[in-house]
Structure formats: C-alpha cells, structure tokens
Amino acid sequence: MSWVSKTLNSTLGKKLLMALTGLFLILFLVVHLAGNLQLILPDEGKSFNIYAETMATNPLIRVVSILNFGFILLHAVYAVILTRHNKKSRPIGYAVSKASENSTWSSRSMGILGTLIFIFLLVHLRGFWYELKFGEVPMVTYDGVSYKDSFAIVSAAYQNILYVIFYVVSMGVLAFHLSHGFASAFQTLGINHTKYTPFIKKLGLAFAIIVPALFALIPIVMFIQGS
C-alpha cells in the first residue's frame, strides 16, 4: 500500500479530506450565493438567466460543478466513516458527561446537521437542477439570443410557502453546521495559533451567519414579490 493510500485510510487522512472538501464547499457557497443574489435584481430575471446559461454551458464551470458534486459525496461519506470510528473508539460513555461544558451544541451535532443538509440538497437538486436539466423549461430572448427561463422555474418554486419555510429552516441548519465546521477545517489543517485562531473563529461565525441569511433572504423576497 502506497503512502498516499495509507494517509487517506488513516484517521488523520480522513480528517484532512473532510477539512479540504469542506473548505472547497465553503468557497462554492460564496460563488453560488453571488449568482443566486441576481434572482432579486429588478430586471425580471435577465441577469440570472444569463448567469444560469453560462453555468450550464461553460466547459470549465461544468468541470468544477462535477468536482463539487464529488466533493459533497466525499465529504458526506467521510463524515459517516469518522462518526462511526469515533463511536467505536468510545463504545461506553463517560461516567460523568460534561459535553455541554467542553463543546458547543453544533460541534456535538455535526452528524445530524450534515444529514439534514444532505436531505436539503437532494430536495433542492430535484426541484431545480433536475427540472432545468430534464424538465420542460420555457425560453426567453435577450438581444436576439435565446436562454432557458431558469428564473421562471425558481420563481414558481418560491411561491410555495411550504418550500420557502423548508428552505429558510435548512439555511438555519447550514448556519449551525458552518459555525463549527469553518474554524474546525482550519484547525485540522494545522492553522491553529493564539494569534490567528480568534480571528478565524470570528470570521467563521460571521460567515456562518451572513451567508445562510442571504441565501434565506432570496426565497423570502421572491415570495413577497410574487404575492
């Protein structure tokens, strides 16, 4: 077995993969948010439709999208493996448990939070990616060029109050997941210093609040506009 295989199969290697894939997904969230915020621009969906068409047809972006799906699965699989490993390592709980004093609720609930996010992703992909890829999507023309009216599909979905609630709650779950995962990824990579760690934790907390809040704002605004 090569040193690469040994590293990837070790507990440390699995944690490193979790950290690296997690940081990639954090970066993806920023890019995805920048694109989705175009949904609430006052241009009747033009900016978003052009953006969506670019995302679907640009070869480089398509490769990144495939990698992103792979990293999501890899992140989820290794999360399950590490959780099972940790449980096997401590099959019997401590006589006196003071978990709440030694760790945050989000850090102790990463497995549950991650599972809920994965369920959200499946629902989200079925409602948007699958529909845009294989469903009947209306067309719209800008400056003589035809585009799929992705905005119409998203707008219709966000007129369902139940889906809006589901989306907003899911973003709350994401916020808790990020509040621990952001700083934890840097710590796993060895970026842990009395000089930098406090800043990383504050940055992670700000990211965990602002990014999910902006994502949640989009369906709320679109629901209100369509009402």
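Going by the structure above, here's the rest.
Position numbers for residues count from 1 along each chain, tracking the sequence in the order it is written. Where totals are concerned, whole chains, interfaces and linings use all residues; where local detail is concerned, this predicted model gives features only for residues with pLDDT of at least 70, and gives and counts side-chain atom pairs only at 80 or more. The basis for the side-chain values is all heavy atoms of the structure; hydrogens and waters are excluded.

*Asks:* Outline the overall build of the protein, supporting the account with residue identities and numerical values.
*Replies:* Think of it this way: any DSSP run of H or I at least four residues long counts as a helix, any run of E at least two long counts as a strand, and we number them from the N terminus. Scanning the protein from terminus to terminus reveals ten helices and two strands. Shown N-terminal to C-terminal, the secondary structure of the protein runs as helices and strands in the order α-α-α-α-α-α-α-β-β-α-α-α. Within the protein, the proportion of its 227 residues that are buried is 29%. By definition, residues are in contact when any of their heavy atoms lie within 4.5 Å. Sequence-distant contacts in the protein: of pairs separated by 6 or more residues, those separated by 24 or more amount to 73%. Carbon and sulfur atoms make up 69% of the accessible area of the protein, which amounts to about 14200 Å² in all. Each residue is assigned to one of three classes by its accessible area relative to the maximum for its type, calculated with a 1.4 Å probe on protein chains only: buried under 20%, partly exposed between the two thresholds, exposed over 50%. The method behind every accessible area is Shrake-Rupley, applied with a 1.4 Å probe, and residues are considered shielded solely by the protein chains displayed.

*Asks:* Give me the lowdown on helix 10 (residues 197–226), citing residues and values where you can.
*Replies:* Here the expected length of a helix is defined as 1.5 Å per residue gap, with one fewer gap than residues. Compared with an ideal rise of 1.5 Å per residue, which puts 30 residues at 44 Å, helix 10 spans 44 Å between its outermost C-alpha atoms and is within 8% of the ideal. Every buried residue of helix 10 is accounted for by Thr 197, Ile 200, Gly 204, Phe 207, Ala 208, Val 211, Pro 212, Phe 215, Ala 216, Ile 218, Pro 219 and Met 222. Considering only its buried residues, helix 10 is in contact with helix 2 (11–36), helix 8 (150–157) and helix 9 (161–188).

*Asks:* Give a description of the packing of helix 7 (residues 110–134) against helix 9 that names residues and reports values.
*Replies:* Where helix 7 meets helix 9, the axes come as close as 9 Å, and the angle between the chain directions of the two elements is 140 degrees. With respect to each other, helix 7 and helix 9 are oriented oblique. Between helix 7 and helix 9 lies a crossing of left-handed hand. Residues Met 110, Leu 113, Gly 114, Leu 116, Ile 117, Phe 120, Val 123, His 124 and Phe 128 of helix 7 pack against Tyr 163, Phe 166, Tyr 167, Ser 170, Met 171, Val 173, Leu 174, Phe 176, His 177, His 180 and Gly 181 of helix 9. Across the contact of helix 7 with helix 9, the residue classes tally to 14 nonpolar, six polar and no charged. Axis geometry follows a simple rule: fit a line to the C-alpha atoms, using only the stretch in contact for helices, then measure angles between N-to-C directions, giving values from 0 to 180 degrees. If an angle is under 35 degrees, it is roughly parallel; if it is over 145, roughly antiparallel; if it lies from 65 to 115, roughly perpendicular; otherwise it is oblique. The handedness criterion is simple: a crossing whose near helix is rotated anticlockwise from the far helix by less than a right angle is left-handed, and one whose near helix is rotated clockwise is right-handed. Residues are grouped as follows: nonpolar covers Ala, Val, Leu, Ile, Met, Phe, Trp, Tyr, Cys and Pro; charged covers Asp, Glu, Lys and Arg; every other residue, Gly included, is treated as polar.

*Asks:* Describe the pattern of salt bridges, naming the residues involved and giving the relevant values.
*Replies:* Salt bridge, as used here: a side-chain nitrogen of Lys or Arg that lies within 4 Å of a carboxyl oxygen of Asp or Glu. The full count for this structure, using the stated rule, is two salt bridges. A salt bridge links Lys 46 to Asp 143, with the nearest nitrogen and oxygen atoms 3.9 Å apart. Residue Lys 46 is found in helix 3 (residues 46–57), and its partner Asp 143 is found in the loop between strand 1 (139–142) and strand 2 (145–148); the two are separated by 97 residues along the sequence. With a shortest N-O distance of 3.5 Å, Glu 131 and Arg 126 are connected by a salt bridge. Using a relative accessible area of 47% as the deciding quantity, one classes Arg 126 as partly exposed.

*Asks:* Pulling in residues and values, what's your account of the pairing of strand 2?
*Replies:* Summarising the sheet, strand 1 and strand 2 pair through four bridges and their orientation is antiparallel. Directly across from Met 139, in strand 2, lies its bridge partner Lys 148. At least two bridges found by DSSP between two strands are what make those strands a pair. Turn length for the strand 1-strand 2 hairpin, with the two strands adjacent in sequence and antiparallel, is two residues, and the turn residue Asp 143 shows positive phi of about 55 degrees.

*Asks:* Give me the layout of surface pockets: which residues, what numbers.
*Replies:* To find leftover empty space, one rolls a probe the size of a water molecule over the atoms. Counted as a void, the second largest pocket has a volume near 160 Å³. The rule is simple: put a 1 Å grid over the protein atoms alone, call a set of points where a 1.4 Å probe fits but cannot get out a cavity, call an open set with protein on both sides within 12 Å along at least five of seven lines a pocket, and count a residue as lining if it has an atom within 4 Å of a point. Every residue along the wall of the second largest pocket is listed here: Phe 24, Leu 27, Phe 28, Val 31, Met 55, Ile 61, Val 64, Ser 65 and Asn 68. Every element with two or more residues in the lining of the second largest pocket is listed here: helix 2 and helix 4 (59–89). Grid points are joined across faces, edges and corners, and a volume is the space filled by probe spheres set on the points.

*Asks:* Help me get a handle on the packing of aromatic side chains, residues and values and all.
*Replies:* Each Phe, Tyr or Trp ring (for Trp, its six-membered ring) is paired with any other whose centre lies within 6.5 Å, and the angle between the two planes then decides the class: stacked below 30 degrees, edge-to-face above 60, tilted in between. Scanning the entire structure with this criterion turns up 16 aromatic pairs. Arranged with centres 5.6 Å apart and planes meeting at 40 degrees, the rings of Tyr 142 and Tyr 147 form a pair that is tilted. Neither residue differs from the other here; Tyr 142 and Tyr 147 are each classed as buried. Consider the rings of Tyr 163 and Tyr 167, whose centres lie 6.3 Å apart with planes at 55 degrees: the pair is tilted. Highlighted residues: Tyr 163 and Tyr 167, both in helix 9, separated by four residues, approximately one helical turn. Exposure class is identical for Tyr 163 and Tyr 167. Each is buried. A network of ring pairs unites the aromatic residues Phe 120, Phe 128, Tyr 158, Tyr 163, Phe 166 and Tyr 167 as a single cluster.

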